[in-house]
Structures are given as structure tokens and as C-alpha cells.
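Inside the fold
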Amino acid sequence: MPERTEVAIIGGGIAGIVTALHLSRRGVEVTLLEQGEVAARASGRNDGQLLLGLGEHYNRIHGQFGSDRAPELWAFLQENHDALLREIAEQGIACDLIQKGGLRLAETEHEWSELQQAAELLRSEGKPHELRDTDAVREYLPLGTGFFGGLFLAEEAIVQPADMVRGLAGVAHRQGARIVENAQVSEISGEAGEFTVTLRNGQSLAASIVVHCTSALGRELDASGLLSRAIFPFRGQIIATDALPDPLVAQFPDYAMSSNFCYEYFRMHRGRFVIGGKRWSVPGEEQHLVDDTSHNEQISQNLIRYAREHFPVLAETPFPHVWTGIMAGTPDGLPLCGSLPGQPGVFALLGFNGYGLGFAYLAGQSLAEMIVAGQGQHPALGMFAPRRLQPS
């Protein structure tokens, strides 16, 4: 580890890695400190769906953010999606990328009605989509049952997320970024231009600028207390089968799939059926948990029950694999991207509410623009400004 750096980034998930990539691409000296290994936490433990929009259906995004800001938010996610896929292709990152689309499924007639409302808004704004009724869903997902229809977005994709983030880390490293693993930060002191980042092993790093990319796992490092007040952790859980027989695998589409307003999400990966969600089905909804070395057995059983209800062909199939990841939530469901109020030289990129792959690449680019040029370019960035979560 060097003695000094221009920018110190805390956290080696997707947020920290892409910020390092974009800063180093602009000629900025960057040192990234990761307490364990790159992509070893939530950025590498999710199910790898590259989505457009958020978990909420588009009609609900309109309802929450309004008819002006909802399209701006969608545009940000679309640009992030396109830019990330372009980076993967140009750099030849091997991450099992498959871009065959995503299918949001309705579990109830009410959800089907909302998907129809979402489709009408997408149509009115000229956004590509395809509304599929029950018969059409059965045609594209022949092994599925109990769905009332679906909304298909052809541009969505799936990846192996840890491989993708580590591939991006390789790009950042080749551009000059220093990435230091097993470097757990214990304290940040000083002021803009003269920060000292101290590690638990006693080493220290001098930095002009500090960027928090710690999800919900390093809130105490923020001297202002904003991250502790505004960010809350919650734990997601995923289970998976072993590799299924090839004739069975061939009957599942290579889509990013979800239902129940994206609270349950599933896909095929290397011949395995992978499914996550159901945290809402247990007391406390797994909020305020930061242990990703254990899991909730009741959630596993609820996910297995879901899989067997909607895919009867899996009725006798065991799900021997289970893992969890800690995500960072915010009160309004949007991330923090920008300077922390009252702390010159301190920035944050975190709080993706489980949708880091949908936001982080362009958000990291935008944060790099703020650090280098003083402001980001995208019109949606005001929605992500950390100051919005300051107490009034």
C-alpha cells in the first residue's frame, strides 16, 4: 500500500470498483481499500440480473417520483445498462453474460392489472416492451404455472456477478488504480486534502479525497453520522439446485425473471435453478442484519415451496445451496451519489436497495465527474444527492 494517494476509496464491491475505474481512466491516482476480497460480499452474492427500471413496476415508479422524474430515472438506468454492457464487451470480461431479456411475472390478477398500467406508460414514452398474457407466458415459460401474465423487456440480461465485478477490477488495475485487499479501515480523520485513513493493522494512508463505497457495512466511518442515520442494512437470501438434466434445463428460458413485484427473483445459471427473495415472509424482514455467513432456514423453506408451486417439475428436486448478502437500503429507495453534506472532500456511492447492478456503473462515472470537474452531467443525479436525506 502506498503512503499517499489522491483519492482513497473504501469498499471493493461494484460501487468502489467502478468509481476506481472511472477515476483512473481520467488520470486520477486512486487507491481502493477492501476489508476482504473484491466482490466477496453482496456485489458477488446476488443473482446477477441486469435490469431496467427498479423492483417496482413502472406505474409505481411514476406514482412515487412523478411524471417528470420517473422518465429521468429510467433514462439513467437505461444508460447505465447500455454502458455496462458495452464495457463488458469492449474489455472482453468473461462473466457468463446472456442478453435474452427479462420477464416480470404477475402472481395475482391485481399485479397483472398493474403490469398493464406499467406497459401503457412504457408505450406512451416509447420504451420497448412486450406485454404477455397467460397463454403467451405459458408459451415462453412452459414449465411455469400460476402466473396471470408478464411484462417482457428484451434488453435485460444475466451475468455471473462476482466474475463481472472482478473483471471490472482488472480493468481499473490496468489503468493504474491500486486495489488493496484485506485492508480493513478502522478510522478516517483529518480534512479535505489531508485525510488519514487508518487500517486495523495499524497502517495508514494519506489521501486528499475519501469516497465511501461500503454499502451498509461501514457507516460508522462517516464522521457526520449521515450514513448511520440514512442507510439501513437488510439481508437477501438465495438458494439453488445442483445442475439439472440438460433436457430439463433446455425448457427454461435464459431470462432474468421475477414475480410478486420483484420480491421473488429467479433464473437459470450454469444448469442450476437459482431463486431468491421471501425475506418479507419472516418477522423483521431480515432488516438490520449484517451477518452474511448464516441464513434463515424458514426463508429457504418458503423459497422451495414457491419454486415447487410455480414449477411443479422441481417438486422432488433438492436445493442444497444457500447463501446470503447484505444490502443497503434508503428511505426513498434511491442510492446516495455525491458529496456528503458539511464534509468537504468526502463523497459516497452506496445505498442501492438491492439494485447495484442497475445503477452503479453510470453512478461511478458520475461521481468521478463530480470529483474531477466539480459536477456530474446526468439530469437524474439530483435524485441521488446525499443532502436530500439530511434532517430538515
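Whatever comes next refers back to the structure up there.
Residues numbered from 1 in each chain as written. Predicted model: local features only at pLDDT ≥ 70, side-chain atom pairs only at ≥ 80, totals over all residues. Heavy atoms only, no water.

Regarding the overall build of the protein
Heads up, the rule is: Every helix listed is a DSSP run of H or I at least four residues long, and every strand listed is a run of E at least two residues long, numbered separately from the N terminus. As defined in this context, the radius of gyration uses C-alpha atoms, and a globule is described by 2.2 Å times the residue total to the power 0.38. Think of it in three bands: with a 1.4 Å probe and only protein chains considered, a residue is buried below 20% of the maximum accessible area for its type, exposed above 50%, and partly exposed in between. With residues, only the protein chains shown are counted as cover, and all accessible areas are computed by Shrake-Rupley using a 1.4 Å probe.
Of the regular secondary structure elements, the protein holds 10 helices and 18 strands. Over its C-alpha trace the protein gives a radius of gyration of 21 Å, about what one expects of a compact globule, namely 21 Å for 392 residues. For the protein, the spread of C-alpha atoms along the principal axes amounts to about 65 × 45 × 45 Å. Here the protein, with 392 residues, has 57% of them falling under the buried criterion. A total accessible area of about 15,700 Å² is found for the protein, and carbon and sulfur atoms account for 48% of it.

Some words on unusual backbone geometry
Trans peptide bonds make up the majority, and among non-glycine residues the majority have a negative phi. In this structure, Phe261 takes a positive phi of about 55° despite not being glycine. With phi around 70°, Cys262 is a residue other than glycine that occupies positive phi space. Inspection of the secondary structure assignment puts Cys262 in the loop between strand E13 (256-259) and strand E14 (264-269).

Digging into the side chain of Asp222
Note the following rule: Think of it this way: Lys and Arg go in the positive column, Asp and Glu in the negative one, and His and the chain ends go nowhere. In what follows, salt bridge is the name for a side-chain nitrogen of Lys or Arg lying within 4 Å of a carboxyl oxygen of Asp or Glu. Polar contact criterion, stated in full: a pair of N or O atoms within 3.5 Å, where within protein one must be able to donate a hydrogen and the other to accept it, and residues adjacent in sequence count only if both atoms are side-chain atoms. In this description, contact between two residues means that some pair of their heavy atoms is separated by no more than 4.5 Å.
Here Asp222 shows up in the loop between strand E11 (204-212) and helix H7 (226-230). Arg229 provides the closest opposite charge to the buried, unpaired Asp222, separated from it by 6.6 Å. Looking at Asp222, its side chain comes within polar contact range of the side chain of Gln343, at 2.7 Å. Not counting chain neighbours up to four residues away, the residues in contact with Asp222 comprise His212, Leu227, Leu340 and Gln343.

Details of helix H4 (residues 109-124)
Cut-off, in case you're wondering: In this scheme, a helix's expected span is set at 1.5 Å multiplied by one less than its residue total. The directions from the helix axis to the C-beta atoms are what the arc is built from.
Relative to the 22 Å expected for 16 residues at 1.5 Å per residue, H4 spans 23 Å between its end C-alpha atoms, a close match to the ideal helical length. For H4, the complete set of buried residues consists of Glu111, Trp112, Glu114, Leu115, Ala118, Ala119 and Leu122. End-on, the buried residues of H4 take up no more than an arc of 160°, which puts them together on one face. Exposed and oriented more than 90 degrees from the buried face of H4 are Glu109 and Arg123. On its buried face, H4 sits against helix H3 (58-91), strand E4 (102-106), strand E5 (130-133), strand E6 (149-153) and E13. Where H4 terminates, the next one or two residues include Gly126, which has phi positive at roughly 70°.

Remarks on the pairing of E4
Our working rule: Strand pairing is assigned whenever DSSP identifies at least 2 bridges connecting the two strands.
Within E4, 5 of the 5 residues are buried, which leaves it mostly tucked inside the rest of the structure. Judged by which residues are buried, E4 turns out to be covered on both faces: Gly102, Arg104 and Ala106 on one side and Leu103 and Leu105 on the other are all buried. Pairing analysis gives 5 bridges linking E4 to E6, with the strands arranged antiparallel. Paired with Leu103 across the bridge in E6 is Phe152. Judged from the 4 bridges that link them, E4 and E13 form a sheet pairing that is parallel. Counted as the bridge partner of Leu105 is Ser259 from E13.

Details of the nonpolar core
The following threshold applies: What makes a nonpolar core is a set of buried Ala, Val, Leu, Ile, Met, Phe, Trp, Tyr and Cys residues whose side-chain atoms join them at distances within 4.5 Å.
If you look at the biggest cluster of nonpolar residues, it comprises 71 residues, and the most contacted ones within it are Ile9, Leu73, Met164, Val211, Phe359 and Phe384. Among the elements that make up this core, the one with the highest residue count is H3 (12 residues). With near-sequence residues (within four places) excluded, Met164 lies in contact with Ile14, Leu84, Ile88, Ile93, Cys95, Val159 and Leu357.

Focus on the side chain of Ser43
Here Ser43 shows up in helix H2 (residues 42-45). Of note is the side chain of Ser43, whose polar atom sits 2.9 Å from the backbone nitrogen of Ile14. Aside from chain neighbours lying at most four places away, what touches Ser43 is Gly13, Ile14, Pro161, Ala162 and Val165.

Some thoughts on the pattern of salt bridges
In the structure shown here, the tally under the stated rule is 16 salt bridges. A salt bridge links Asp292 to Arg41; the nearest nitrogen and oxygen atoms lie 2.6 Å apart. You can see Asp292 sitting in the loop between strand E15 (272-277) and helix H9 (297-310) and its partner Arg41 sitting in the loop between strand E2 (30-33) and H2, a full 251 residues away along the chain. Given the relative accessible area of 26%, Arg41 is considered partly exposed. In this structure, the salt-bridge partner of Asp332 is Arg388, at a minimum N-O distance of 2.6 Å. Of this pair, Asp332 sits in the loop between strand E16 (321-329) and strand E17 (336-339) while Arg388 sits in the segment after helix H10 (356-373), and the two are 56 residues apart along the sequence. Given a relative accessible area of 22%, Asp332 falls into the partly exposed group. Here the residues in one salt-bridge network are Arg41, Arg45 and Asp292, joined through shared partners.

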